[in-house]
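Listed below are the residues making up each chain.
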Amino acid sequence: MKFHTLKVIALDKPIKEATTITFDVPSELYNAFNYAPGQHLIIKFMVNGEEARRSYSLNSCPFKEEPLQVTVKRVKDGLVSNFVNDQLKVGDELEVMIPQGRFHAAIEEDAYKTYFLFAAGSGITPIISILKSVLLASPQSAVNLFYGNANQDTIIFKEELETLVKNYPERLTIVHTLSDPKVWTTWETWKGRKGRIDAEAVEWFITNHPPIAQTTEYYICGPGAMNTGIRKTLQELGVPRELIHIEQFGADTSEESNNIKAVDSIVSVSLNGENYKLTVPKGKTILQSLKEANLNPPYSCESGVCATCVAKVKNGKAEMKACMALEDEDIAKGMILTCQSLPTTDELSIEF
Amino acid sequence: MDTKRKMPVLPVEAYTSQEWFDKEQEIIFGNAWQFAGLVEDIKDPGDYITVQCGLQNIVVVKGRDQRIRAFHNLCRHRGTQLLRAVGKKQKALTCPYHDWTYDLSGQLISVPEKEKEFPDLEIDKICLHKASVDIWRGMLWVHPKPNAEAITKWFDGCWERLGPHDPNRLIEYPDSVYEKVINANWKIIAENYIDVYHLSHLHSNTLQMYDHANAEYGFVGDHYLFWEPLSKDYHENLDKLLPFKRIKEMTEEYIGAYVPWLFPNVGLSETEATWSVFHAIPLAPDKTKVIVRTKMEEMTDWEYYKKGIKSYASWHGIMGGDTKYGNEDSDDPMASGDFMAEDVYACEQQQKSLKNPLFSIAATAKHGESTVRTFQGIVERWMSNSIKEG
């Protein structure tokens, strides 16, 4: 996979702690940078002389004449997210791969569908792209969005969503829920729903916003635990699994990795016909350690999306911070993305 | 085929013979989206209704995910009808014969004495036969085929020619359903509904609140669409004459009556004060059950009463008129002052005459009955296309 150089032509702040990057795509790359709503970009950053790759969902809408946009929310101690929010400048150039990802909605003009969208925090980015695409390009279809945030100040695209509800009152319904609403704000007290998008909330949402068009699809984007929780509830209510689409946050979410009980581990690796043994220190990914040992492992996005770095666990255990490239069945077979994997046993044996 | 006696496009036997009737059931009613009820008929998960689509009976049930599913009402075991009529809040669907049980998504979940009687049966591979179901304009529609074309495609071009009403919002008052078995073929009833020529004649004193001379009508696909303005007197005194509360969306811009016939057997009547769906269910070549359900603005009993009194008191003074044939016999439908009774009478009389050896149609009106000829042409096309394909 190739990186292309794209220029940053605008930087905006949808909320205080997030930045929307707008890219200029040169005309010769227009076709290559076509995308389906829900897909993401893998971007290479140089931060303090160090290379870091991240994947960010496109929040722009491919059915609108608008430039490519991604939105980066600041994560505590996040290397790239702090760089984007504090140091990136209009006119800077970034190395960007063409849009990719299996999480995307097929939009058909003739379709008569109801889309149920679930998002938490910056998980709104691919979801708003799907939402705008349905409203613009599938005129008989409707959207019900359930959007969770910590408090009033973290609702990304709040105004844009409000405008969309005004413009499409019969086709768009949005319910916000805040897990920790601010009691004192200068402008209003929160009268909306409180709490996280848990099982009870999902059932409440579905029951109170039943579909009109009976062909339905479900798109979920948020932290891993929320995603699997929503999917579980939907399936218990009788939604067939194949209608449920999930996207997990990129590797920039420290929340996920915090839950992994990583340990120092002696890792045996079978790679390019050779066998190696090395120590992977606690908290470091297997891929990072292999790169530092100059063993030349295969990799590309370093974001858990492209599956170039996939390996199979023969012995021991490792857990992934994020994984968008493997199905549950693959994971059950012992497949891991080494760029996201932290060993959780003292010894681990893997094969590329 | 009897070439002498046409209606004027379809042969007379299309309205009288059992053979024609059975073929229509299979070819038309087995291949079209059918009206199944109003959205509120299945409110909660586990609520279901059953609908006859030609020769096939369909169950429409709401799942816990609020999605509506449709299945053929036929147990996969030995074909027994699974459910009767209507039901509320079922947890599962159980066949009365041997208690085979399916979940709300049609999946077989239990078979009594499975280990002993069906040791090799793979329960998870057995599901009820699926049909299609969707919601359109506040109504439930079913199609016996599992992958029917989208309901919006079936009604392509219709929505924008209908009234501004939002049927979901309107209220159906208890005991307001009209139900009657009419002794006439379903097509006679459809043709009566779309016959523009008869409006000023049969209904000269019952539908005089509309200006029939300025009606606009025509076909969109196989569906008939009709709109007519209010008559001048009625329009000018609308507030006094309206029998019920005016429909909120019925602003001056939209005012008029929207009265389409949706192929094959559903009429709508969307007016300034009511929204009705007229469902003609074929029972036999010469028998059709008509069910009319009406919704209106929400009103308290007192508002309803007041409006009725005011309208009644004003009606004669402003609109004048009497019944078609005076008031001498209260049992005479032509003296009833009820346009439905007038139509039923006309339909039943026409059906009777089809048996008369002297029956023939001398001519049909160039404009006002062109709709009847077009409708018959559509039925003819459906029947001949499918016979060729079959």
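So, how was this worked out
Residues numbered from 1 in each chain as written. Chains lettered and ligands numbered in written order. Predicted model: local features only at pLDDT ≥ 70, side-chain atom pairs only at ≥ 80, totals over all residues. Heavy atoms only, no water. Domains from an automatic or database assignment. Buried area = accessible area lost by both parts, 1.4 Å probe. Salt bridge = Lys/Arg side-chain N within 4 Å of Asp/Glu carboxyl O. Helix = DSSP H or I, 4+ residues; strand = E, 2+ residues; numbered from the N terminus. Nonpolar A, V, L, I, M, F, W, Y, C, P; charged D, E, K, R; others polar. Core = buried A, V, L, I, M, F, W, Y, C linked by side-chain atoms within 4.5 Å. Buried < 20%, exposed > 50% of the residue type's maximum accessible area, 1.4 Å probe, protein only. Contact = heavy atoms within 4.5 Å. Polar contact = N/O pair within 3.5 Å; in protein donor to acceptor, adjacent residues only side chain to side chain. Pairing = 2+ DSSP bridges. Axes fitted to C-alpha atoms, helices over the stretch in contact; angles between N-to-C directions. Arc of directions from axis to C-beta.

**Brief notes about the domain arrangement of chain B**
Residues and elements named next belong to chain B.
Step number 1: By domain assignment, chain B separates into domain 1 (22-153) and domain 2 (162-389).
Step number 2: For the pairing of domain 1 and domain 2, the buried interface totals around 1,900 Å² over both sides, and the portion due to carbon and sulfur atoms is 68%.
Step number 3: Looking only at domain 1, the three residues that lose the most surface to domain 2 are Ile28, Phe35 and Arg137, adding up to 32% of its buried area.
Step number 4: The salt bridge partner of Asp41 is Arg293, with a shortest N-O separation of 2.8 Å.
Step number 5: Listing elements by their share of the side of domain 1 that touches domain 2, those giving two or more residues are α1 (18-27), β1 (34-38) and β10 (139-143).
Step number 6: Within the side of domain 1 that touches domain 2, the residues separate by chemical class into 11 nonpolar, 5 polar and 5 charged.

**Remarks on the nonpolar core**
For soluble globular proteins, the rule of thumb is that nonpolar side chains tend to be buried together.
Step number 1: Among the nonpolar cores identified, the biggest contains 81 residues, and Trp136, Met139, Trp141, Trp261, Phe278 and Val379 of chain B are the most heavily contacted of them.
Step number 2: Shared between two domains, this core holds at least three residues of each, these being domain 1 (22-153) and domain 2 (162-389) of chain B.
Step number 3: Residues within four places of Trp141 of chain B in sequence aside, it is in contact with Trp33, Gln34, Phe35, Ala36, Ser132, Val133, Asp134, Trp136, Ile151, Phe155, Leu262 and Val266 of chain B.
Step number 4: Core analysis: the next-biggest nonpolar cluster, separate from the first, contains 30 residues, Ile107, Leu164, Trp190 and Tyr219 of chain A among them.

**Notes on the environment of Ile247 of chain B**
All names here are of chain B.
Step number 1: Note on placement: Ile247 falls in the loop between α6 (238-241) and β14 (257-258).
Step number 2: Taking the C-alpha atoms as reference points, Ile247 and Asp47, separated by 200 residues in sequence, lie 30 Å from one another.
Step number 3: If sequence neighbours within four positions are ignored, Ile247 has contacts with His165, Arg169, Leu170, Thr271, Glu272, Ala273, Thr274 and Glu297.

**Notes on the pattern of salt bridges**
Oppositely charged side chains are able to pair whenever their charged atoms sit close together.
Residue and element names in this part refer to chain A.
Step number 1: This structure, assessed with the given rule, holds 34 salt bridges over all chains.
Step number 2: A salt bridge links Glu108 to Lys113; the nearest nitrogen and oxygen atoms lie 3.4 Å apart.
Step number 3: With relative accessibility at 39%, the residue Glu108 sits in the partly exposed group.
Step number 4: The salt bridge partner of Glu162 is Lys158, with a shortest N-O separation of 3.2 Å. One end of the pair is Glu162 and the other is Lys158, both in helix α3 (residues 158-167) and 4 residues apart, which spans about a single turn.
Step number 5: Glu162 sits in the partly exposed class, given a relative accessible area of 40%.
Step number 6: Taken together, the shared-partner salt bridges connect Lys64, Glu66, Lys132 and Glu160 into one network.

**Quick notes on the side chain of Ser133 of chain A**
Residues and elements named next belong to chain A.
Step number 1: Along the chain, the position of Ser133 falls in helix α2 (residues 124-137).
Step number 2: Here Ser133 falls in the buried class, since its relative accessible area comes to 0%.
Step number 3: One polar contact links the side chain of Ser133 to the main-chain carbonyl oxygen of Ser129, over a distance of 2.7 Å.

**Regarding the environment of Asn48 of chain A**
Residues and elements named next belong to chain A.
Step number 1: Position of Asn48 relative to the elements: it lies in the loop between β3 (40-47) and β4 (50-57).
Step number 2: Take Asn48: its relative accessible area is 69%, and that puts it in the exposed class.
Step number 3: Along the backbone, Asn48 and Leu79 are 31 residues apart, and their C-alpha atoms lie at a distance of 9.6 Å.

**Section: the interface of chain A and chain B**
Step number 1: Across the boundary between the two partners, chain A contributes 19 residues, which contact 13 residues of chain B.
Step number 2: Across the interface of chain A and chain B, roughly 1,400 Å² is buried in total on both sides, 50% from carbon and sulfur atoms.
Step number 3: By the criterion of area lost to chain B, the three top residues of chain A are Tyr112, Gln214 and Leu237 of chain A, representing 43% of everything that side buries.
Step number 4: Run the count over chain A and chain B and you get 0 salt bridges.
Step number 5: There are 6 residue pairs in polar contact (both at pLDDT 80 or more) connecting chain A and chain B.
Step number 6: Listing elements by their share of the side of chain A that touches chain B, those giving two or more residues are α4 (199-208), β11 (215-222) and α5 (224-237) of chain A.

**Some words on the sheet that holds β3 of chain A**
Residues and elements named next belong to chain A.
Step number 1: Spatial ordering of the open sheet is given by β4-β3-β6-β1-β2-β5, a layout of 6 strands whose pairing is antiparallel. The open sheet has two edge strands, β4 and β5 (69-73), and neither has a second partner. Sheet twist, expressed as the average angle between the axes of neighbouring strands with direction ignored, equals 40 degrees.
Step number 2: Here β3 pairs with β4 via 8 bridges, running antiparallel. By the bridge assignment, Phe45 is partnered in β4 with Ala52.
Step number 3: Across the sheet, helix α1 (residues 79-86) lies against β2 (18-24), β3, β4 and β5, angled at about 80 degrees from β4, the strand it touches most.

**Here's the deal with α4 of chain A**
Residue and element names in this part refer to chain A.
Step number 1: When we look at burial in α4, the residues that qualify are Ala201, Val202, Phe205 and Ile206. All buried residues of α4 project into a common sector of 130 degrees when viewed along the axis, lining one side.
Step number 2: Buried residues along α4 sit in contact with β7 (113-120), β8 (142-149), β9 (172-178), β10 (193-194), β11 and α5.

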